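Inside the fold
Single-letter residue listing:
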Amino acid sequence: MLKRLFQSKGKADSREAARSSVDKKSVPEHVAIIMDGNRRWATEHGLPRVAGHHTGMNNVREITMAADRLGVHVLTLYAFSTENWKRPKDEVDYLMGLPQEFFPKMIGELEEKNVQVRMMGHRELLPEQTLQTVEEAVKRTEKNSGLVLNFAFNYGGRKEILHSVQKLMEDAAAGTVRADQLDESMFRQYLLSGDLPDPDLLIRTSGEIRLSNFMLWQLAYAELWFTEVFWPDFTEVHFQRAILDYQKRVRRYGGL
Ligand code: V0D
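Rules behind the numbers
- Residues numbered from 1 in each chain as written.
- Predicted model: local features only at pLDDT ≥ 70, side-chain atom pairs only at ≥ 80, totals over all residues.
- Heavy atoms only, no water.
- Helix = DSSP H or I, 4+ residues; strand = E, 2+ residues; numbered from the N terminus.
- Buried < 20%, exposed > 50% of the residue type's maximum accessible area, 1.4 Å probe, protein only.
- Near = heavy atom within 4 Å.
- Areas by Shrake-Rupley, 256 points an atom, 1.4 Å probe, with all protein chains shown as cover.
- Nonpolar A, V, L, I, M, F, W, Y, C, P; charged D, E, K, R; others polar.
- Expected span 1.5 Å × (residues − 1).
- Pairing = 2+ DSSP bridges.
- Axes fitted to C-alpha atoms, helices over the stretch in contact; angles between N-to-C directions.
- Contact = heavy atoms within 4.5 Å.
- Phe/Tyr/Trp six-rings, centres within 6.5 Å; stacked < 30°, edge-to-face > 60°.

So, on to the environment of Val50. Assignment of secondary structure puts Val50 in helix 4 (residues 49-70). Under the relative-accessibility criterion, Val50 is labelled partly exposed at 27%.

Laid out in structure tokens, this is it:
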């Protein structure tokens, strides 16, 4: 049957093909993602903004499982920035309800896959119920030893750095650290990312070519990868493409 030759590969086949061309030995240990384009996706589909956020949330599941299958150790997702409070109140309220929807749906699968949930961000201004939900998920998965799913939530890079300096100054005033002891390895312990390694790869969806105050200290040496694809349309195949491109770049630098 000649026709068969021209049939396009099925979804599962192309996912598998892309996955097998990813070199398992040099998978980035830490991938960070700015999940942009949920509102634009909704507008293009004639749907309300919140529908974009909801579809975006479901995609968090897809990409978390893809990262786990590929052997990524840490996946940091920019869920809500300190600037996002400026959005319309109804939209902010909706976003703050997403963790309460995400966890009951996801906890079984997170447990099964041994995923450890973490939160990187500022507690202030977060609704009590939202904070409780996230803290419960963090607590329930803290003994898991698989993929670290790190939510950047009410996070801002400059705020993080200022906060770190503030704590450092307090420690200096208390006499527990001296100015001449300060180096990069000491400073990084004051950051919200704590004991996590720096991201090796940053992905941003939806066409903006900016950092938008995300992990300013930690991204110093990361490879940056941008796509026009909106976050709700970003699939495992796009994720694998980003990792393949990362591996090509790393190999090139390694050869110099
Ligand atoms: C909306 C696209 C999961 C980006 C993804 C409140 C914007 C979907 C969470 C989530 C959001 C956060 C913490 C947690 C568990 C789940 C989430 C927000 C937005 C901000 F512990 N998706 N998601 N949180 N969106």
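Around the ligand, the structure places 17 residues, and the nearest of them are Met57, Leu95, Phe103, Val134 and Phe153. A total of 520 Å² of accessible area belongs to the ligand in isolation, and the protein chains cover 98% of it. Looking at which element gives the most residues to the shell around the ligand, the answer is helix 5 (residues 89-112), with five residues. Of the residues belonging to the shell around the ligand, the class tally is 14 nonpolar, three polar and no charged.

Let us now look at helix 4. Here helix 4 spans 31 Å end to end across 22 residues, near enough to the 32 Å set by a 1.5 Å rise per residue. Every buried residue of helix 4 is listed here: Gly52, His53, Gly56, Met57, Asn59, Val60, Ile63, Thr64, Met65, Ala66, Ala67 and Leu70. One or two positions beyond helix 4, positive phi appears at Gly71, with a value near 90°.

It is worth spelling out the sheet that holds strand 6 (residues 223-226) at this point. Read across the open sheet, the six strands follow the order 3-4-2-1-5-6; overall the sheet is parallel. The outermost strands of the open sheet, each flanked by one partner alone, are strand 3 (116-120) and strand 6. Neighbour to neighbour, the strand axes of the sheet diverge by 20° on average, direction disregarded. Pairing geometry for strand 5 (residues 201-204) and strand 6, over four bridges, is parallel. Across the sheet, the residue bridging to Ile203 is Trp225, located in strand 6. Sheet strands in contact with helix 5 are strand 2 (74-81), strand 3 and strand 4 (148-155), and its direction is about 170° off that of strand 4.

Let's shift gears to the packing of aromatic side chains. Across all of its chains, the model carries nine aromatic pairs by this definition. For the pair Phe102 and Phe103, a centre-to-centre distance of 5.3 Å together with 85° between the ring planes defines the contact as edge-to-face. On the basis of relative accessible area, Phe102 is assigned to the buried category, the value being 6%. Given a relative accessible area of 7%, Phe103 falls into the buried group.

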